Amino acid sequence: MKKRIAVLGSTGSIGTQALEVIQAHPEAFEVEVLTAHNNADLLITQALAVKPNVVVIGQETLYDKVFEALDAHNIKVYAGKNALNSVVQMDTIDVVLTAMVGYSGLEPTIKAIEAGKNIALANKETLVVAGQLITDLARAKGVNIYPVDSEHSAIFQCLVGEFHNPIEKIILTASGGPFRGKGQQFLSTVTREQALKHPNWDMGAKITIDSASLMNKGLEVIEAKWLFHLQNQQIDVVVHPQSIVHSLVQFQDGSLKAQLGLPDMKLPIQYALSYPHRLKNSFPRFNFVDYPQLTFEKPDVETFRNLALAFAAMEQGGNAACVLNAANEVAVQAFLEKKVGFLQMSDIIESCLAKVAYIAHPALTDYMATDQETRRVAQEMIKF
Ligand code: NDP
Ligand code: MG
């Protein structure tokens, strides 16, 4: 039986790579739904190539354009947030791949889980914002969440066959980004263009800035806590500039398992979709002789404060990680628009964590209010 897949955010970095994986395996997968936000042209091109039954364009003003292009091809077209939230519940979907960016993933992911859909999760921000709520809901609905993030895919792969063996700890690897080894003085002058040049991975703009500031690793620490049901002190981070060891698990007997490979998101995307099977592919293979040195070092959390802030938010619990995420989204956008400097991003996040009211046991409406309030507070800081 083919898996019928909804690709949310099909026009992004993960979305386009997911379509390559899906198209390379017509025996295993078919596309049921594609969604995008603004990029109507690419959405139309993709739809004509993979023939989904339904597409959703987020921007309602683009509906006519997409409809005119796809109606004759028997592809249903919808627009807007509410459409996205109902489409993910369609009977004809087996797996929902969440590859949209940021907080926008929260509601559609909840709707998909409510309808019993398994999730291939790229959109880490959803677990950062509301990890407790999402994992409780998934458990109640018997839904599996398969990680797409390469580090979490590595851990997931290391855990296969270890169901009865408790984890002592996990070690997430971090490339360190383009500014590894630099100090605060250097960081105070870095430009948007420098920050957008990641040494190992080609990704969307938001996650590329997050990687440069180490916030990406902070978000991944919180993502890992929820995905693998860990205590905070069971999660370590090590910087590994070559991005070959994708992460590690240590078991009670001290044994460490790691998953290795070239930095290429197509493998974790494919595994999240094909689990429990492994499918043949022609991705380039890792060769030890090309990498005579694999190195590891401690992250510098004094220079890269975002990682420390993420650990602190995780420690606080409640809505703190939701505050962290919203403040970071606003800060990254402002940095991309050249309204704030690189180091100011951490100032904005730290200040929001101090100012926005703490809620120990948030419900969905609390997360929504926290997200809005944090964005307001963060925007205030950018104005001055
Ligand atoms: P991109 O910015 O490349 O793509 C984002 C996608 O989401 C696009 O399809 C975009 O549509 C859509 N989108 C943007 N805003 C909204 C919105 N408000 N509502 C609905 N859809 C929206 O991001 P990436 O592919 O890099 O990242 C996607 C997710 O995957 C992120 O959470 C990221 O952290 C995670 N991830 C990414 C990795 C990577 O290698 N890129 C690695 C690991 C995790 P449009 O193009 O039309 O604007
Ligand atoms: Mg990652």
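Here the structure is a predicted model, which means the values were calculated and not measured. Numbering of residues starts from 1 in every chain and runs along the sequence as written. Chains carry letters from A onward and ligands carry numbers from 1 onward, assigned in written order. Reporting in this predicted model follows two pLDDT cut-offs: at least 70 for local features of residues, and 80 or more for side-chain atom pairs to be given and counted; totals over whole chains, interfaces and linings ignore these cut-offs and use all residues. Side-chain descriptors were evaluated using all non-hydrogen atoms of the structure, hydrogens and water having been removed beforehand.

Runs of E in the DSSP output that reach at least two residues are strands. Runs of H or I that reach at least four are helices, and both are numbered from the N terminus. Along the protein chain, the regular secondary structure elements total 16 helices and 11 strands. Radius of gyration here uses only the C-alpha atoms, and the compact-globule reference equals 2.2 Å multiplied by the residue count raised to the power 0.38. On C-alpha atoms alone, the protein chain measures out to a radius of gyration of 20 Å, which is about the 21 Å that the 2.2 N^0.38 rule sets for 384 residues. With the C-alpha coordinates of the protein chain rotated into their principal frame, the extents come out at 55 × 50 × 40 Å. The proportion of buried residues among the 384 residues of the protein chain is 55%. The contacts of the protein chain with a sequence gap of at least 6 include a subset with a gap of at least 24, amounting to 67%. Surface accessibility follows the Shrake-Rupley procedure with a 1.4 Å probe radius. Residue values consider only the protein chains on display as shielding. Summed over all atoms, the accessible surface of the protein chain reaches about 17000 Å², with 51% contributed by carbon and sulfur. Charged residues are defined here as Lys and Arg on the positive side and Asp and Glu on the negative side; His and the ends of the chain fall outside this count. The location of each charge is read from NZ of Lys, CZ of Arg, CG of Asp or CD of Glu. Computed over 33 positive and 40 negative side-chain charges, the inter-centroid distance for the protein chain is 2 Å. Under the scheme applied here, a residue whose accessible area is under 20% of the maximum for its type counts as buried, over 50% as exposed, and between as partly exposed, the area being computed with a 1.4 Å probe on protein chains only. Any two residues having at least one pair of non-hydrogen atoms within 4.5 Å are treated as being in contact.

The subject of this paragraph is the side chain of Thr-374. Within the secondary structure layout, Thr-374 lies in helix H16 (residues 364-383). Separated by 2.6 Å, the side chain of Thr-374 and the backbone oxygen of Thr-370 make a polar contact. Look past the residues within four positions of Thr-374 in its chain and what remains in contact with it is Val-323, Ala-326, Ala-327, Cys-352 and Val-356. Two N or O atoms count as a polar contact when they lie within 3.5 Å, although within protein this holds only if one can serve as hydrogen donor and the other as acceptor, and sequence-adjacent residues are included solely when both atoms are side-chain atoms.

Moving on to the coordination of the magnesium ion (ligand 2). All of the protein donors around the magnesium ion (ligand 2) are Asp-149 (OD), Glu-151 (OE) and Glu-220 (OE); their distances to the metal are 2.1 to 2.2 Å. Listed donor atoms are N, O and S within 2.8 Å of the metal (Na, K and Ca: 3.2 Å). As water is not included, a site may look incomplete. On the primary sequence, the residues serving as donors to the magnesium ion (ligand 2) are separated as D-x1-E-x68-E. Placement of Glu-151 in helix H7 (residues 150-159) and of Glu-220 in helix H11 (residues 215-227) is noted, with a sequence separation of 69 residues between them. Taken individually, Glu-151 and Glu-220 each receive the classification buried, so the pair is uniform in this respect.

What follows is about the UniProt feature "binding site: Mn(2+)" (unreviewed entry) in the protein chain. UniProt positions are given in the numbering used here, feature names are shortened, and annotations may be inferred rather than shown by experiment. In the UniProt entry, the feature "binding site: Mn(2+)" (unreviewed entry) is given for Asp-149, Glu-151 and Glu-220. In summary, the annotated positions, though distributed over 72 residues, converge in three dimensions, the widest C-alpha pair being only 8.3 Å. With a relative accessible area of 7%, Asp-149 lands in the buried category. Residues contacting Asp-149, with those up to four places away along its chain left out, are Leu-121, Lys-124, Glu-220, Glu-223 and Met-265. On the basis of relative accessibility, which here comes to 1%, the residue Glu-220 falls in the buried class. Residues within four places of Glu-220 in sequence aside, it is in contact with Lys-124, Asp-149, Glu-151, His-152 and Leu-172.

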